[in-house]
Amino acid sequence: MTDMLTITERSRLRRSHQRGHFDRETINTILDAQPMCTVGYVIDGKPVVTPTLQWREGNHVYWHGSSASRALRHSRDTDVCLSVAILDGFVLARSGMHHSVNSRSVTLFGTAVKVEDPEEKLRKLARFVDGLFPGRYEDLRPDHAQDLKATTVLGMQISEGSAKIRTGGPSDEEPDYALPIWAGVIPVRTEVGAPIPDDRNLPEVAVPEHVQNFKL
């Protein structure tokens, strides 16, 4: 496994080449920072995009859903496109043309493979939960056989794709800098709020550390 993904016709950036990144460290960092993703695939010749959660294990990315989901059933053993994006700010320029956003994103291409082995599937799901909430899985009631039957886990190798990153202020045309128009960046960030307990929590149940200290 190399430190760089091979640039392909699908993954290369047509514009703003300086924003493209093909190194695994950058791609992995963005994947690990944003669990929300979209997966694109084709059903009956028509494109479909589905939001879900993803997690990375080494050089593979995984996602899960209901075994009854047509999205997962049609994704198995076919080409899919998985994408994550993080919005960091709105960039206001002196012309509409040069407005933009500061963002970090990853787009991956590959073949979705179903995790068939029940024990491996269980390990993947435990890794998914503990990846977000360290140590939580061992405190949960054990999964029933029906839980695993009702859940499909798909994954694909991280071998084709790219990251795209934009930072900084607006890039206006030189004459426009003399215009009396405010320009700059409105930062955007995701905040984690205080936990809201379930009304049916038992009175003696304390808030666990992985909830108190949760952060993305």
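Along the chain, proline 195 turns up in the loop between strand S10 (184–187) and helix H5 (209–212). Owing to a relative accessible area of 47%, proline 195 belongs among the partly exposed residues under this scheme. When the C-alpha positions of proline 195 and phenylalanine 214 are compared, they lie 9.2 Å apart, and in sequence the two are 19 residues distant.

Another aspect to go through is the pairing of strand S6 (residues 100–111). The side chains of a regular strand alternate, first on one face of the sheet and then on the other. Bridge count between strand S5 (residues 79–92) and S6: 12 bridges; the pairing is antiparallel. Of the residues in S6, the one forming a bridge with cysteine 81 is phenylalanine 109. Of the strand pairs in this sheet, S6 and strand S9 (residues 160–166) are connected by seven bridges, and their pairing is antiparallel. Counted as the bridge partner of serine 105 is lysine 164 from S9.

This next bit is on the nonpolar core. Membership of the largest hydrophobic core comes to 24 residues, with the highest contact counts inside it found for Ile27, Trp63, Leu82, Val106 and Leu108. Those elements giving two or more residues to this core turn out to be helix H1 (24–33), strand S2 (36–43), strand S4 (60–66), helix H2 (70–75), S5, S6 and strand S8 (151–157). Apart from the residues within four sequence positions on either side, leucine 82 is in contact with Cys37, Thr38, Val39, Gln54, Val61, Trp63, Val106, Thr107, Leu108 and Met156.

To continue, consider the packing of aromatic side chains. A full pass over the atoms with the stated rule returns three aromatic pairs. Pairing phenylalanine 133 with phenylalanine 214 gives two aromatic rings, centres 5.4 Å apart and planes at 35°, and the pair type is tilted. Taken as a pair, phenylalanine 133 in the loop between helix H3 (118–132) and helix H4 (145–149) and phenylalanine 214 in the segment after H5 lie far apart in primary sequence, 81 residues in all. You can call phenylalanine 214 partly exposed: its relative accessible area is 24%. The rings of Trp55, Tyr62 and Phe128 are connected pair by pair, giving a single aromatic cluster.

Among the secondary structure elements, serine 95 is positioned in the loop between S5 and S6. Remark: the alpha-carbon pair of serine 95 and glutamate 173, spanning 78 residues in sequence, is separated by 8.8 Å. If we skip the residues at most four places from it in the chain, serine 95 touches Asp172 and Asp176.

Once that is clear, we can look at H3. For H3, built from 15 residues, the straight-helix expectation of 21 Å at 1.5 Å per residue is met to within 8% by its first-to-last C-alpha distance of 22 Å. Turning to H3, its buried residues are Lys121, Lys124, Leu125, Ala126, Phe128 and Val129. Against strand S3 (46–57), S4, H4 and S8 lie the buried residues of H3. For H3, the side-chain oxygen to backbone nitrogen distance between the N-cap and glutamate 119 is 3.2 Å, and the N-cap itself is aspartate 117.

Do not read the fine detail of predicted coordinates wherever pLDDT is low. Predicted confidence across the protein gives a mean pLDDT of 92, with 100% of residues reaching 70 or more. Within the protein, no element has a lower average pLDDT than H2, which sits at 78, and none a higher one than S10, at 98.

Our next topic: the layout of surface pockets. A volume near 390 Å³ is recorded for the largest pocket. Contributing to the lining of the second largest pocket are 15 residues, with Leu31, Asp32, Pro35, Gly131 and Leu132 lying nearest its centre. Residue assignment for the lining of the second largest pocket shows that the elements contributing at least two residues are H1, S3 and H3. The element contributing the most residues to the lining of the second largest pocket is H3, with four residues. Of the residues belonging to the lining of the second largest pocket, the class tally is eight nonpolar, three polar and four charged.

Conventions used here
- Residues numbered from 1 in each chain as written.
- Predicted model: local features only at pLDDT ≥ 70, side-chain atom pairs only at ≥ 80, totals over all residues.
- Heavy atoms only, no water.
- Helix = DSSP H or I, 4+ residues; strand = E, 2+ residues; numbered from the N terminus.
- Buried < 20%, exposed > 50% of the residue type's maximum accessible area, 1.4 Å probe, protein only.
- Pairing = 2+ DSSP bridges.
- Core = buried A, V, L, I, M, F, W, Y, C linked by side-chain atoms within 4.5 Å.
- Contact = heavy atoms within 4.5 Å.
- Phe/Tyr/Trp six-rings, centres within 6.5 Å; stacked < 30°, edge-to-face > 60°.
- Expected span 1.5 Å × (residues − 1).
- Polar contact = N/O pair within 3.5 Å; in protein donor to acceptor, adjacent residues only side chain to side chain.
- pLDDT = per-residue confidence, 0-100.
- 1 Å grid on protein atoms, 1.4 Å probe; cavity = no way out; pocket = protein on both sides within 12 Å on 5 of 7 lines; lining within 4 Å.
- Points joined across faces, edges and corners; volume = space filled by probe spheres on them.
- Nonpolar A, V, L, I, M, F, W, Y, C, P; charged D, E, K, R; others polar.

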